[in-house]
Amino acid sequence: MPTPILIDCDPGHDDAIAILFAARELDLVGITTVHGNAALPQTTRNALALCTLAGLEVPVVAGAAEPLVGVRSHAPDIHGRSGLDGAVLPEPDRAPLPGHAVDFIIAEAERRKGELVLAGIGPLTNLALALRREPRLASWLKAITIMGGSCTLGNVTPAAEFNVWCDPEAAAIVLGAGVPVWMVGYDLTRRVGFGQADIDRLRGSGRRVATTLADLLQFYLDRQRRVFGLEVAPMHDVCAIVPFVAPELIAHRPTAVVVELRGEHTRGATVCDLRDKRLTGTGGIQDAAPPNVQFATTAETRALIERVLATLLRYP
Amino acid sequence: MTKLLIDCDPGHDDAVAILYAARHAELLGVTTVFGNAPVEATTRNALAVLELAGLGVPVARGFAGPYLGEAPPFAAAAHGASGLDGAELPEPSRAPQGVHAVELIVETARRHRGELVLAVLGAHSNVATALRLEPRLVQWLRAITVMGGSAGPGNVRPVACINVFSDPEAAHVVFSSGARILWLGYETSRTVLLREAELARLAGGGRVARTMAGLLDFYRQSYRRIYGIDGAPVHDAGAILAVLRPDLVRHEAVALEVALAPGPTRGMTVVDRRGIRPGVELPAGRAPRPANVEMAVAIDVPAAVETIVATLLSYP
């Protein structure tokens, strides 16, 4: 039986790839949406349009439109005004399910106690609200897996990665919830991406879904080039799904991670203790806190991209 | 010949930096500050290292604590209770100068206008105060070379290193001073290691080299115990090499800010490595700032190790 997974996201080009990868490789029980790469109405519409494109019969439920504490922010410089520019997507063939994402997350976790993996690949507002709303949720989940944060290398600011920076308080709640958290940060995902040749392969397949994805990823790669000077379109979000499909492709280490909530230069930074410190009680050298996260340290970049490509090419 | 004044907190790696500078530059002064040990100990250690090598360089004592905040985290775990454990050093035959470190820094810079390079190898308290007391100091200095902070993992804190963490406000003053700054962070400085083979060569050398072998073996054991690193890192000497052997250290201009807010990133050196392309428009607060330091991004480690060992062996 494939692992049941619920994806909370803000599509988003890399979210789109994560959804399509998970839908073929795992038991995707639902998609919940959140503010982030674009405003909530857009990310919700994008999730529905992707399901229509790929023929996925997966429930989609809208969630939080605003962060817990801070001011909402989007990423039109990377994802375009719609949050998913670059291709004409089909008109969604249905509306989101009624109700709030938070209630849907709690209900699905209760129904699959001990089995459900909750993936947070956008700002973590819905996950935090769900953990607060239902204290038993932490014990019902098998794991939380997130794409967010970074070890010292930011994208939205020099120190902070976008998803955590959008709602640092929510991230702090999720990392402190006591659920096993798998975390992959921008320091790693920035290097894991589709190059031009990979996009050309999608297009060259002539398949309907792959061709549309090629249009989307071409837009995304062009923006990554223009803004960050990158030569790959980073597949940030799919790196949070891969450990449950092909665990050999990403190495993790137990790490203590906290979120910086203050600071002119560092709000939203994830402080990852990667010091390799062996001794405790050494005076001025602060001891490492107990690990709360399986932190992704290295990836088999090429093999990972090939694995994802192969899955995408199985769509009609 | 390059004119140097070293502000430091010896410290094993500080001792290597002093001995290297005295052989390859005109070492005009050594000023001391708290850090690896209390300032009484670091001053005594500076005098003892100079005594060992028969060097008559003026020594002036500086600050015992930071501008603000808590007691500094003395690095007894790494350097021992004296700040320089591991070998018998000669009793200093002289006392420090009757002036404060700040005065010696300002006077030396005034006398050697446009020529002096100031090496900051401990907490930044002395140098920051000198910059505030004498606004012309910035113009008088040829450059400042700094070992401290990190663009990766920290040491005394998950993302902060002792030299900057010991007095973050002072470090902010130095980094924002407008002086030409060569910056070496811990993530790079710790790659220059004297291993067992190098220490054996030193042990077969003259009196100075033999003493350094004993000191550095203590330091190597500390690093193995604390961090699982096998070798004595000569952090501070790297900042001297950056000035005297520019052929061995590759630099890139970056914007660096010190995180000052209380919290898990206080004392972090936040380096903008996002790669934002020129002309990209970002909202206020996220736009790249002008570069203020030349960051050491790569060191020719074998050549650096060789010149350090050869220099220590050149002493009687």
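Refer to the structure presented above.
Residues numbered from 1 in each chain as written. Chains lettered and ligands numbered in written order. Predicted model: local features only at pLDDT ≥ 70, side-chain atom pairs only at ≥ 80, totals over all residues.

K.L.:
In this structure, what is going on with the overall build of chain A? I would like to understand it.
P.N.:
Looking only at helices and strands, chain A has twelve helices and twelve strands in total. Principal axes of the C-alpha set define a box for chain A whose edges measure 65 × 40 × 40 Å. Put simply, chain A has 316 residues, and 58% of those count as buried. (Helix = DSSP H or I, 4+ residues; strand = E, 2+ residues; numbered from the N terminus. Buried ≥ 20, exposed ≤ 12 C-beta atoms within 10 Å, placed from the backbone.)

K.L.:
What is the right way to read the overall build of chain B from this model?
P.N.:
Check the secondary structure of chain B and you find 13 helices and twelve strands. Here chain B has a C-alpha radius of gyration of 18 Å; the compact-globule value for 316 residues is 20 Å, and the two agree. On the principal axes, the C-alpha backbone points of chain B span a range of 60 × 40 × 40 Å. Taken over 316 residues, chain B has a buried fraction of 57%. A sequence separation of at least 24 residues applies to 80% of the contacts in chain B between residues at least 6 apart. (Rg over C-alpha atoms; globule rule 2.2 N^0.38 Å. Contact = placed C-beta atoms within 7 Å.)

K.L.:
I would appreciate a short explanation of the sheet that holds strand β2 (residues 26-32) of chain B in the present structure.
P.N.:
The strands that make up a sheet pair up through hydrogen bonds in the backbone, lying either parallel or antiparallel. All names here are of chain B. Strand order in the open sheet formed by eight strands is β3-β2-β1-β4-β5-β6-β12-β9, and the pairing between neighbours is mixed. Among the strands making up the open sheet, the edge pair consists of β3 (59-61) and β9 (249-254). In this sheet, adjacent strand axes meet at a mean angle of 25 degrees when their direction is disregarded. As judged from the three bridges shared by β2 and β3, these two strands associate in the parallel manner. When the sheet's bridge partners are listed, Thr32 is paired in β3 with Arg61. (Pairing = 2+ DSSP bridges. Axes fitted to C-alpha atoms, helices over the stretch in contact; angles between N-to-C directions.)

K.L.:
Just to check I follow, could you spell out the sheet that holds strand β3 (residues 60-62) of chain A for this structure?
P.N.:
Residues and elements named next belong to chain A. Strand order across the open sheet formed by eight strands is β3-β2-β1-β4-β5-β6-β12-β9, with mixed pairing between neighbours. Edge strands, defined here as strands with exactly one partner in the open sheet, are β3 and β9 (250-255). For this sheet, the mean angle separating the axes of adjacent strands, direction not counted, is 25 degrees. Examined bridge by bridge, β9 and strand β12 (residues 293-299) share six bridges and lie antiparallel to one another. Looking at the pairing, Thr255 lines up with Val293 of β12.

K.L.:
Explain the interface of chain B and chain A here, please?
P.N.:
Size of an interface, as often reported, equals the accessible area lost when the parts are brought together. Taken together, the contact between chain B and chain A spans 36 residues of the former and 35 residues of the latter. Sorting elements by how many residues they give to the side of chain B that touches chain A places helix α11 (residues 207-227) of chain B first, with three residues.

K.L.:
How do you make sense of unusual backbone geometry when you look at a structure like this?
P.N.:
As a rule of thumb, non-glycine residues mostly have phi less than zero, and peptide bonds are mostly trans rather than cis. Residue and element names in this part refer to chain A. Residue Gly12 follows Pro11 across a cis peptide bond; omega there is -10 degrees. When you line up the elements, Gly12 lands in the loop between β1 (4-9) and α1 (13-25). Although it is not a glycine, Thr152 adopts a positive phi angle of roughly 70 degrees. As for its position among the elements, Thr152 is in the loop between β5 (143-147) and α7 (162-166). Note on Thr152: 29 C-beta atoms within 10 Å, which makes it buried.

K.L.:
What is the right way to read the pairing of strand β2 (residues 27-33) of chain A from this model?
P.N.:
Residues and elements named next belong to chain A. Within β2, five of the seven residues are buried, which leaves it mostly tucked inside the rest of the structure. Alignment of β1 against β2, held across six bridges, turns out to be parallel. Opposite Cys9, over in β2, you have Thr33 as the bridge partner. Regarding topology, α1 serves as the crossover connection from β1 to the parallel β2, and that connection is right-handed. (Right-handed = clockwise from strand over helix to strand, strands pointing away.)

K.L.:
I'm lost on the environment of Leu175(A) in this one. Help?
P.N.:
All names here are of chain A. Relative to the assigned elements, Leu175 resides in helix α8 (residues 168-175). Residue Leu175 is classed as buried on the basis of its 25 C-beta neighbours within 10 Å. Counting along the chain gives 36 residues from Leu175 to Ser139, while the straight-line C-alpha distance between them is 14 Å. Ignoring any residue separated from it by four or fewer positions in sequence, one finds Leu175 in contact with Val181, Val257, Val258, Val259, Asn292 and Val293.

K.L.:
In this structure, what is going on with the environment of Gly56(B)? I would like to understand it.
P.N.:
Residue and element names in this part refer to chain B. Mapped onto the secondary structure, Gly56 falls in the loop between α2 (39-52) and β3. For Gly56, a count of 8 C-beta atoms within 10 Å puts it in the exposed group. Sequence separation between Gly56 and Ala151 is 95 residues; the distance between their C-alpha atoms is 36 Å.

K.L.:
How do you make sense of α2(B) when you look at a structure like this?
P.N.:
Because each turn of an α-helix spans 3.6 residues, side chains separated by three or four positions in sequence point in the same direction. Residue and element names in this part refer to chain B. Relative to the 20 Å expected for 14 residues at 1.5 Å per residue, α2 spans 20 Å between its end C-alpha atoms, a close match to the ideal helical length. Counted residue by residue, α2 has twelve buried out of 14 residues, so it is predominantly covered. Among the residues of α2, Val39, Ala41, Thr42, Thr43, Arg44, Asn45, Ala46, Leu47, Ala48, Val49, Leu50 and Leu52 are the ones counted as buried. In this fold, the buried residues of α2 make contact with β1 (3-8), α1 (12-24), β2, β3 and α11. Gly54 occupies a position one or two residues after α2 and carries a positive phi of about 65 degrees. (Expected span 1.5 Å × (residues − 1).)

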